[in-house]
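One-letter residues, chain by chain:
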Amino acid sequence: MKAEADGLAAPQVNTRGKPVLRVLGTKVTLIDEIRRRAESDLGIRLDYSVGDGIEAQQRAATQPSSYDVYDQWFNNVDIVWSSGAIQPLRAARITNWAQVERHMRTALMQNGQPIGRGDAPIKYLYVQPDKRLGPHPTDYISALPCVHHVDAFGYRRRSIAPELAGEPESWGWLLDPRCRGRVALVDDPAIGAADAALAAQALGLAEFRDIGNLTIEEIDALTRLLIRKKRAGHFRTCWSSIDEATALMQEGAVDIESLWTPSLTALWSRGVDVQYAAPKEGYRGWHGCLAISVNARGAVLDAAYDYLNWWLSGWAGAVMARQGYYMAAHEAVVEHLSPAEWGYWYRGEPAATDLCGPDGSIVVRQGARRNGGSYWDRLSRIVLWNSSMDEHNYLVRRWAQFIAA
Amino acid sequence: MGRLARKLYEIVYDALEGHLRDRRLPPGLVLLEGPVAEIFRTSRAPVKTALRMLSERGLVERFNGRGFIVPDPDGGTEPLRLDLRQAGLDPNAHIDEDELQNRVAWERIYSAAEREVGLALPFGRFQINEARMGEHFGVSRTVVRDVLGRMQERGLVEKAPRSHWIAGPLTASAIREFYEIRVMLEPQALIQAVPSLDIDELAAMRNRVALLEARYPQVSAEELTGLDVDLHTRCVQRIANKRLVAIIRQAQLPLIANYTFLSHLGIPEETPELAEHKLVFEHLIQGSPAAAAAALKAHLERSLDRALIRLKVLSVKSTPPLPPYLMATAP
């Protein structure tokens, strides 16, 4: 165990004898500031193992002995659950479960149906009697809903074609010939393909029976379209890290790209005039969650539940809010945000003051308003969730061919 | 150069039958698997089958010792233990040497070829280069074409319009379709097969499952997929309607996929498949064909779910090194 190996290396809190919790996940949530505060609040030692989305999922599914907590997304959960790598969680052990359940079953549903196509998180939340995951409430869940958001794309208002700037924002811009050579997609088979599918559908270049679950023929058509576009020089590149996405926009290498919130706030804090679209077709949603390895037992298991509960207790949610992310138990978050922050990030109101990001630099100027409205407005306009489709394996192989083309 | 129509055991059977018909072998001559196999330069399995068939037809007989004897038309003779060549068994008589050697090569490479192609299926769509396949396995183009023909019968490859053999991709929709066919046909075929199933054989099959259950998970992918042969080939296909057998065989690609998943993903910590197989055998042993068919149907339905999940889990694996005769091709 790492604690013994490091002997008396000086942590902020003397955690000798306390369990070490190994957390596997991505840069989205495995932030140092959060780790330090959690260690201090919980009196445990945290070992963060950060990978990109695909590496983390691969390890999670195949090496459950290498982590205790897996922090990723609901569209990954089914694969990892079905591999037997994570254990069912007792909802009763979650302090803020009532808030979370309300969020999952009201904010994310409309007329009894999940909002948005594809892997709506409620479809993978509850462990059913036959051990599969489903939306019908039981006492056990696959993973604790946590950080979530709605994604679109980012663009430099002053650099894109003037005709476009005058039109309502649309996913179609990502494939629009007027942006040729100045576009980047994310190099992730599920998410990049989802952005591309939304764009293709918006432009009428493709039709999908169910955009959340593409057929083989639809995947082939989309891949052919992307390869054609790539060979015509439409894409500057495909980015595989948040830092790369940030640099592309900052350096002016692209005018429009798949973009995630950490890049957005980083760009704003550097004074780059980048707008986050509120596409008329709706958003692509994703929902993070925290799962516990099938091997976690005893003190480690207890520490894991403590860590999960800590995430929902408000402080972490406030840190994430300053990056633009939402939290499944947002009522706990209000107390840790200033009224101006709560007003801007959640209520969609103009910023009453300048607002700082996680590193203390100003990311939002007084008077700025979040594109797309309030938290509840934006959630209700999710048209598609990040998904692991039936033909996910085929999509992975075809996406690799697009990347290599 | 046509399809090789005869299986290896048929070639051996015909050769021995020819010798017996022409009375080239002395009455009482003891025929043992090992020596016969050595003379024909094949493995023992086809000889065993050929001797069993000859004995079923009364052309050779069992006796008070190991192996079979050539019958004496005048009744009881002492067993004659002679060197078979000296006794008149001529490996060149009643046999086409080329056919025999082609068949031997075929049997040798078929399992390996089926596995190699099966392992590649989830990773894309592949064209098979016949010449390279021949080089890879050290066999002639004739043998390669027969191997591919057999793979086509198993649903493993297809012949594309421009005359190329295509393997893969293994998709969720294909898996669903294969299981839909199997659910419709296998339980019915099993009921039809019941009169031909021997209770001792069924007990042996059930015991094979129990042995693996006891050792689980200390088992190999080969052992697990071997159980599939017992149920889905030896039992389900033991019917008179050969056309139906061919249709069922062509829908059984998922059985090859089972081996593929086990190889790439490892032996799962738990597998309900063993209990599901055992239940079918137990119903058959109890003399309840309808219950056996229902258990088989349930097993197939759950197998479909497992296959779809395993295919998704496999998406995290990058394409492994592929055999030189497989070339990635666009749809």
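A brief look at the structure comes next. In this text, all values refer to a predicted model and were calculated from it rather than measured experimentally. (Residues numbered from 1 in each chain as written. Chains lettered and ligands numbered in written order. Predicted model: local features only at pLDDT ≥ 70, side-chain atom pairs only at ≥ 80, totals over all residues. Heavy atoms only, no water.)

Before going further, it helps to examine the overall build of chain A. Along the backbone of chain A there are 16 helices and 20 strands. Relative to the globule expectation of 22 Å for 405 residues, the C-alpha radius of gyration of chain A, 21 Å, shows essentially globular dimensions. Overall size of chain A, expressed as C-alpha extent along the three principal axes, is 60 × 50 × 45 Å. Counting the 405 residues in chain A, one finds 59% classified as buried. As displayed, chain A offers around 15,800 Å² of accessible surface, 48% of which is attributable to carbon and sulfur atoms. (Helix = DSSP H or I, 4+ residues; strand = E, 2+ residues; numbered from the N terminus. Rg over C-alpha atoms; globule rule 2.2 N^0.38 Å. Buried < 20%, exposed > 50% of the residue type's maximum accessible area, 1.4 Å probe, protein only. Areas by Shrake-Rupley, 256 points an atom, 1.4 Å probe, with all protein chains shown as cover.)

With 19 residues of chain A in contact, the opposing surface of chain B contributes 21 residues. Regarding the contact of chain A and chain B, the summed buried area is about 1,800 Å², with carbon and sulfur atoms giving 52% of it. Among the residues of chain A in contact with chain B, Asp-390, Asn-393 and Arg-397 of chain A are the three that bury the most area, contributing 32% of the side total. The tally of links from chain A across to chain B stands at two salt bridges. Here Asp-390 of chain A and Arg-176 of chain B are joined by a salt bridge, their closest N and O atoms 3.3 Å apart. (Contact = heavy atoms within 4.5 Å. Buried area = accessible area lost by both parts, 1.4 Å probe. Salt bridge = Lys/Arg side-chain N within 4 Å of Asp/Glu carboxyl O.)

Glancing now at helix α10 (residues 261–269) of chain A. Residues and elements named next belong to chain A. Here α10 lies mainly inside the structure; seven of its nine residues are buried. On its buried face, α10 sits against β11 (144–156), α9 (242–250), β14 (256–259), β15 (274–276), α14 (339–346) and β19 (362–364). After α10 finishes, the residue Gly-271 shows a positive phi value of roughly 75°.

A separate point is the packing of aromatic side chains. Per the counting criterion, the structure on display carries 22 aromatic pairs over all chains. Judged by centre distance (5.2 Å) and plane angle (85°), the rings of Tyr-155 of chain A and Trp-173 of chain A are edge-to-face. Taken together, the residues span a long stretch of sequence, with Tyr-155 of chain A in strand β11 and Trp-173 of chain A in the loop between α6 (162–165) and β12 (183–186) at a distance of 18 residues. Through a chain of ring-to-ring contacts, the aromatic side chains of Tyr-326, Trp-342, Tyr-346, Tyr-375 and Trp-376 of chain A assemble into a single cluster. Between the NZ or CZ atom of Lys-159 of chain B and the centre of the ring of Trp-165 of chain B, over which it lies, the distance is 5.1 Å. (Phe/Tyr/Trp six-rings, centres within 6.5 Å; stacked < 30°, edge-to-face > 60°. Lys NZ or Arg CZ within 6 Å of the ring centre and 35° of its normal.)

For soluble globular proteins, the rule of thumb is that nonpolar side chains tend to be buried together. Residues Ile-34, Leu-222, Tyr-307, Trp-311 and Tyr-346 of chain A are the most contacted members of the largest nonpolar core, which totals 147 residues. A total of nine residues in this core trace back to one element, the largest contributor, which is helix α11 (residues 298–311) of chain A. Among residues more than four places away in sequence, those in contact with Tyr-346 of chain A are Ala-321, Tyr-325, Tyr-326, Met-327, His-330, Val-333, Leu-337, Glu-341, Ser-374, Tyr-375 and Trp-376 of chain A. Ranked by size, the runner-up nonpolar core spans 72 residues in total, among them Tyr-110, Phe-126, Val-143 and Ala-307 of chain B. (Core = buried A, V, L, I, M, F, W, Y, C linked by side-chain atoms within 4.5 Å.)

The next subject is the sheet that holds strand β3 (residues 68–69) of chain B. All names here are of chain B. Within the open sheet, the three strands sit side by side as β1-β3-β2. Their pairing is antiparallel. Since the sheet does not close on itself, it has two edges, and those belong to β1 (30–31) and β2 (61–62), each with one partner. As paired strands, β2 and β3 are joined by two bridges and run antiparallel to one another. Among the inter-strand pairings, Arg-62 is bridged to a residue of β3, identified as Phe-68. (Pairing = 2+ DSSP bridges.)

Here the focus is the side chain of Gln-99 of chain A. Mapping Gln-99 of chain A onto the fold places it in helix α5 (residues 97–107). What Gln-99 of chain A contacts, discounting residues up to four positions off in sequence, is Ala-328, Ala-329, His-330, Glu-331 and Ala-332 of chain A.

All right, on to the state of the cysteines then. Enumeration according to the criterion identifies zero disulfides over all chains in this entry. The thiol sulfur of Cys-179 of chain A is not disulfide-bonded, and the nearest other cysteine sulfur, from Cys-238 of chain A, lies at 15 Å. (Disulfide = S-S within 2.5 Å.)

Once that is clear, we can look at unusual backbone geometry. For the bond from Gly-168 of chain B to Pro-169 of chain B, the omega torsion is -5°, close enough to zero to count as cis. Looking at the element boundaries, Pro-169 of chain B is found in the loop between β6 (165–167) and α8 (172–193). A cis amide bond, omega 0°, links Tyr-216 of chain B with the succeeding residue Pro-217 of chain B. Turning to its location among the elements, Pro-217 of chain B is positioned in the loop between α9 (199–215) and α10 (221–235). Of note, Lys-131 of chain A is a non-glycine position whose phi angle comes to about 75°, a positive value. If you trace the backbone, Lys-131 of chain A turns up in the loop between β8 (126–127) and β9 (133–134). With phi around 55°, Arg-41 of chain B is a residue other than glycine that occupies positive phi space. Position of Arg-41 of chain B among the secondary structure elements: in the loop between α2 (33–40) and α3 (44–56).

The next subject is the pairing of strand β1 (residues 20–25) of chain A. All names here are of chain A. Judged by how many residues are buried, β1 sits mostly within the fold: five of six residues are covered. As defined by bridge partners, β1 adjoins strand β2 (residues 45–50) across six bridges and the pair is classed as parallel. Bridge pairing in β2 places Arg-22 opposite Asp-47. As for the winding sense of the linkage, the β-α-β connection from β1 through helix α2 (residues 32–42) to β2 is right-handed. Of the pairings in the sheet, the one linking β1 to strand β3 (residues 69–73) comprises three bridges and is parallel in character. Within the sheet, the bridge partner assigned to Leu-24 lies in β3 and is Tyr-70. (Right-handed = clockwise from strand over helix to strand, strands pointing away.)

All names here are of chain A. Positionally, Thr-26 belongs in the loop between β1 and α2. By relative accessible area, which is 5% here, Thr-26 ends up buried. When the C-alpha atoms of Thr-26 and Gly-314 are compared, they prove to be 20 Å apart, with 288 residues separating the residues in sequence.

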